[in-house]
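Letter by letter, the chains look like this.
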Amino acid sequence: MAGVRIDPRKYSEHELEKITRHFTVEMSKKGFIGPGIDVLAPDVSTGEREMSWIADTYTHTLGYRDINAQACVTGKPISQGGILGRHSATGRGVLHGIENYITNTDYMDRIGLSPGFLGKTFVLQGFGKVGLHTMKYLHEYGARCICVGETDGAIYNPRGIDPQELQDYEQGRGTIVGFPKAEPCDGSILEVPCDILIPAAIEKQLTRENAPRVQAKIIAEAANGPTTPAAHEIFLQRNILVIPDVYVNAGGVTVSFFEWLKNLNHVSYGRLSFKYERESSYYLLQSVQHSLEQWFGKARGEIPIIPSPEFQARVTGASEKDIVYSGLAYTMEQSAKQIMTMAARYNLGLDQRTAAYLCALEKVFTVYNEAGFTY
């Protein structure tokens, strides 16, 4: 893992571009990045712009002979080989990660919550790209955000905060502080009573010191490493369900994998099958109509088959974003099942972090064992 330790707010766009391009050249010269070596992706204070600079630099320097050079980095703009759905992928992954647990009756019974998002309250630490999209998706599913915190302050409204209104306010003023439909929140937002606590900022936010005062039933680690080992043990003792970062914030890297595959295949998802699938759906409707008319006789006139709005939307064929979202949802669902199965096998209770690590270790062992490399 590598990065540049600066405050990007103190540099101009031109300076940031020079820093990013020089960083890319130095990483490339050392053989640290490449489509088949290590593929970069956006993280704190970076996005499509920086990923575009990295791809362009690598493609025109050490990767100029590599047809797959664009695959050296993901999170790029669509025009540079990016993929639809990547921008909001981590937040959407958080949604699915929480969904797979909050709809599970067994786990909800253990922590004393009713299944489903409807009426649940959540607190969000961090209103960046991950936090914003997480807030939007949970809001769509019926949950209510009552508190949002950023580096310069926090806001609170027990009746709920509308994500679109907050986004518009933040984009216009550069801060969430002073949002007119909420009041300032003093103290630590991590200790605000809620059903779901979502740390979506930086690491080591939940510690031995504040873990006893956390008043949430579920903690979804949208950030990387927000919970220290000591805090994790305290949460287990307090019967709080921690959905670990290695699983719940994997939406970004999952869709980055889809983007990497797109770059290696040099074709967008759905392009080869889009027209065929659309026509197949229309032929199916025509076949049903023809069968009904034959059965009842045409004397009564034609029997039109009118698709429902949901089916009509699918008749037009799956877009790249549809395929990406479907693949992400399936990946998160299957991963949750594996983690829960592992937790049950070893009687781990609410310790989903250990269960997730065991899933990973078992897969690694199986690969080495079947390859004959285990000594």
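Residues numbered from 1 in each chain as written. Predicted model: local features only at pLDDT ≥ 70, side-chain atom pairs only at ≥ 80, totals over all residues. Heavy atoms only, no water.

A few points about the sheet that holds strand E4 (residues 183-184)
Taken in spatial order, the 7 strands make up an open sheet running E4-E3-E2-E1-E5-E6-E7, and their pairing is mixed. A single partner strand is all that each edge strand has here, and the edge strands are E4 and strand E7 (241-243). Examined bridge by bridge, strand E1 (residues 121-125) and strand E5 (residues 196-199) share 4 bridges and lie parallel to one another. Bridge pairing in E5 links Val123 to Leu197. Lying over the sheet, helix H5 (residues 129-140) contacts E1, strand E2 (144-150) and E5, oriented at roughly 170° with respect to E1. (Pairing = 2+ DSSP bridges. Helix = DSSP H or I, 4+ residues; strand = E, 2+ residues; numbered from the N terminus. Contact = heavy atoms within 4.5 Å. Axes fitted to C-alpha atoms, helices over the stretch in contact; angles between N-to-C directions.)

A short note on the packing of helix H3 (residues 89-102) against H5
As a packed pair, H3 and H5 sit with axes 7 Å apart at the nearest point and diverge in direction by 45°. Accordingly, the angle class assigned to the pair H3 and H5 is oblique. Judged by the twist between their axes, the crossing of H3 over H5 is right-handed. When H3 is examined against H5, the residues Thr90, Gly91, Arg92, Val94, Leu95 and Ile98 are found in contact with a partner set consisting of Val130, His133, Thr134, Tyr137 and Leu138. (Parallel < 35°, antiparallel > 145°, perpendicular 65-115°, else oblique. Left-handed = near helix turned anticlockwise from the far one by under 90°.)

Focus: the nonpolar core
The nonpolar side chains of soluble globular proteins are, as a tendency, buried together. In terms of nonpolar packing, the biggest core is built from 54 residues, with Ile98, Met135, Val148, Leu166, Ile198, Ile218 and Leu241 touching the most fellow members. With 9 residues, the single largest contributor to this core is helix H12 (residues 320-345). Apart from residues lying up to four places away in sequence, Ile98 is in contact with Phe117, Leu138, Ile196, Ile198, Ala220, Ile243 and Val248. Listed in part, the 20 residues of the second largest apolar core include Ile189, Ile219, Ala231 and Ile240. (Core = buried A, V, L, I, M, F, W, Y, C linked by side-chain atoms within 4.5 Å. Buried < 20%, exposed > 50% of the residue type's maximum accessible area, 1.4 Å probe, protein only.)

Some points on the pairing of strand E3 (residues 153-156)
Two elements, E2 and E3, share 4 bridges in a ladder whose sense is antiparallel. Within E3, the residue paired with Gly149 across the bridge is Ala154. Hairpin connection, E2 to E3: the antiparallel pair is bridged by 2 residues. Where E3 and E4 come together, 2 bridges link them in antiparallel fashion.

Some points on unusual backbone geometry
Among all residues save glycine, negative phi is the norm, and among peptide bonds the norm is trans. At Lys204, a position not held by glycine, the phi torsion is positive, near 60°. Residue placement: Lys204 occurs in the loop between E5 and strand E6 (218-220). Judged by relative accessible area, Lys204 falls into the exposed class, the value being 60%. For Asn347, which is not a glycine, the phi torsion comes out positive at approximately 55°. Structurally, Asn347 can be placed in the loop between H12 and helix H13 (352-371). Since its relative accessible area comes to 70%, Asn347 is described here as exposed.

Considering a nonpolar patch on the surface
A surface patch of nonpolar side chains, amounting to about 230 Å² of accessible area, comprises Val4, Ile6 and Tyr11. Here Ile6 is to be found in the segment before helix H1 (13-29). (Patch = residues over 30% accessible without salt bridge, like charges linked within 9 Å, V, L, I, M, F, W, Y side chains within 5 Å. Areas by Shrake-Rupley, 256 points an atom, 1.4 Å probe, with all protein chains shown as cover. Salt bridge = Lys/Arg side-chain N within 4 Å of Asp/Glu carboxyl O.)

Concerning the packing of aromatic side chains
Under the criterion given, the structure shown has 6 aromatic pairs. The interplanar angle of 80° and the centroid separation of 5.4 Å between the aromatic rings of Tyr101 and Tyr107 together place this pair among those described as edge-to-face. On the basis of relative accessibility, which here comes to 0%, the residue Tyr101 falls in the buried class. Judged by its relative accessible area of 4%, Tyr107 falls in the buried class. Aromatic side chains Tyr101 and Tyr247 sit 6.3 Å apart centroid to centroid with 70° between the ring planes, which places their arrangement in the edge-to-face category. Of this pair, Tyr101 sits in helix H3 while Tyr247 sits in helix H8 (residues 245-248), placing them 146 residues apart in sequence. (Phe/Tyr/Trp six-rings, centres within 6.5 Å; stacked < 30°, edge-to-face > 60°.)

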